[in-house]
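Spelled out from the first residue to the last, the chains are:
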Amino acid sequence: MSALSSTFFQASSPILHQKFPTSTLSIRCSCDDTSHDLGDTNGLASVSNQYNTVLQNPNTIRPPRPRRIILVRHGQSEGNVDEGAYTRVADPNIALTEKGLNEAAKCGEMIKEMIKKDEADDWKVYFYVSPYRRARETLRNVGKAFGRSRIVGLREEPRLREQDFGNFQDREQMKIQKAARHLYGRFFYRFPNGESAADVYDRITGFRETLKSDIDVGRFQPPVKQFEGLHNMNNGSIMVMERGHGGRYSLLMHHTKEELREFGLTEEMLTDQEWQKIAKPGELNYDSLTTGPSFFTHFEEEENISSVLK
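Residues numbered from 1 in each chain as written. Predicted model: local features only at pLDDT ≥ 70, side-chain atom pairs only at ≥ 80, totals over all residues. Heavy atoms only, no water.

Per an unreviewed UniProt entry, the protein chain is named Phosphoglycerate mutase-like protein AT74H, and its organism is Heracleum sosnowskyi.

Encoded structure:
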């Protein structure tokens, strides 16, 4: 558990790097039918596939398979420097230190250099990120190495959060609990109001299946913020996802925008649902405001500052 937990379970951000076929740089590119069972990739370490441009079914667009799956641990956090931070700040709100921000930026450059060694110009990346603050801050700085033109988008994924050691941690109690865990067994010992490593294993296994599915259909959404903005449906009411003209499902095939606004959908989410009405299975919406662009708004701010300084 130690090696994997330090890179994957602790609020990490998996990055999927995909190489697009040279002759199909639009969202209509497709890949071969090579199997990509992630269960055989030694902890989701790497996936490699060759590509072609043949559409097996003209009514279905096969999304590109990722060339690599890269796991990134967050940069140095306030909790790494001072364990007492967890007694004052909720775990999801622990921020990066200045050193951690720099580590994240260097990590992005390291990943970019690795990709550049492939000597291919037609590549893009997309991200999965824990909703924890330190992971999101890491991603914002990792992303600087790529810029918007190379980023397909991102998905906020709560299952990638750090193992839960319980609410606001008491330092003395944590010493007692960790000693008990040593006697009981680190994998199955569950912290009070928290998780065992077995619990983490269960949710990560579920994420692996989602990852396989997302690779097939290209669907990425930031669920936490969207969920908090939604309202309960009325008792006895229904919410309908109906197949659109291209084969995908959209709420706007049945509901009006006014109904969905009342439910809590933002304008960006409604725009995405409009796209879903005509999109084909496997298509990626590179212009969706609910995926990459809205997260990396700081790119524009920094570009504007740089132009003023020049």
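From this point, the discussion proceeds with the structure in view.
## Focus: the UniProt feature "binding site: substrate" (unreviewed entry) in the protein chain
Where we set the bar: UniProt positions are given in the numbering used here, feature names are shortened, and annotations may be inferred rather than shown by experiment. Strands are runs of DSSP state E lasting at least two residues, helices are runs of H or I lasting at least four, and both sets are numbered from the N terminus onward. Using a 1.4 Å probe on the protein chains alone, a residue whose accessible area is under 20% of its type maximum counts as buried, one over 50% counts as exposed, and one in between counts as partly exposed. Polar contact is the term for a pair of N or O atoms within 3.5 Å; when the atoms are in protein, one must be able to donate a hydrogen and the other to accept it, and sequence-neighboring residues count only if both atoms are side-chain atoms.
Here, UniProt's "binding site: substrate" (unreviewed entry) annotation points to R73, H74, G75, Q76, S77, E78, G79, N80 and R134. Spatially, the listed residues are clustered: although they cover 62 residues, their C-alpha atoms lie within 14.4 Å of one another. Here G75 is to be found in the loop between β2 (68-70) and α2 (78-81). Residue class for G75 comes out buried when judged on its relative accessible area of 5%. On the secondary structure map, R134 appears in helix α5 (residues 133-142). Assessed through its relative accessible area of 0%, R134 is described here as buried. A distance of 2.7 Å separates the side chain of R134 from the side chain of D91, its partner in a polar contact.

## Considerations on the nonpolar core
Quick reminder of the rule: Put simply, buried Ala, Val, Leu, Ile, Met, Phe, Trp, Tyr and Cys residues joined by side-chain atoms within 4.5 Å make one nonpolar core. Here, residues are in contact when the closest pair of their heavy atoms is within 4.5 Å.
Counting residues in hydrophobic clusters, the biggest one holds 20 residues, and the most contacted among them are F127, F146 and F296. Contributions of two or more residues to this core are made by α4 (98-116), β3 (123-129), α5 and β4 (151-156). Once residues within four sequence positions are removed from consideration, F146 is found in contact with G108, I111, K112, I115, W123, V125, F127 and I151. If you look at the next biggest cluster of nonpolar residues, it comprises ten residues, including I69, L160, V200 and F207.

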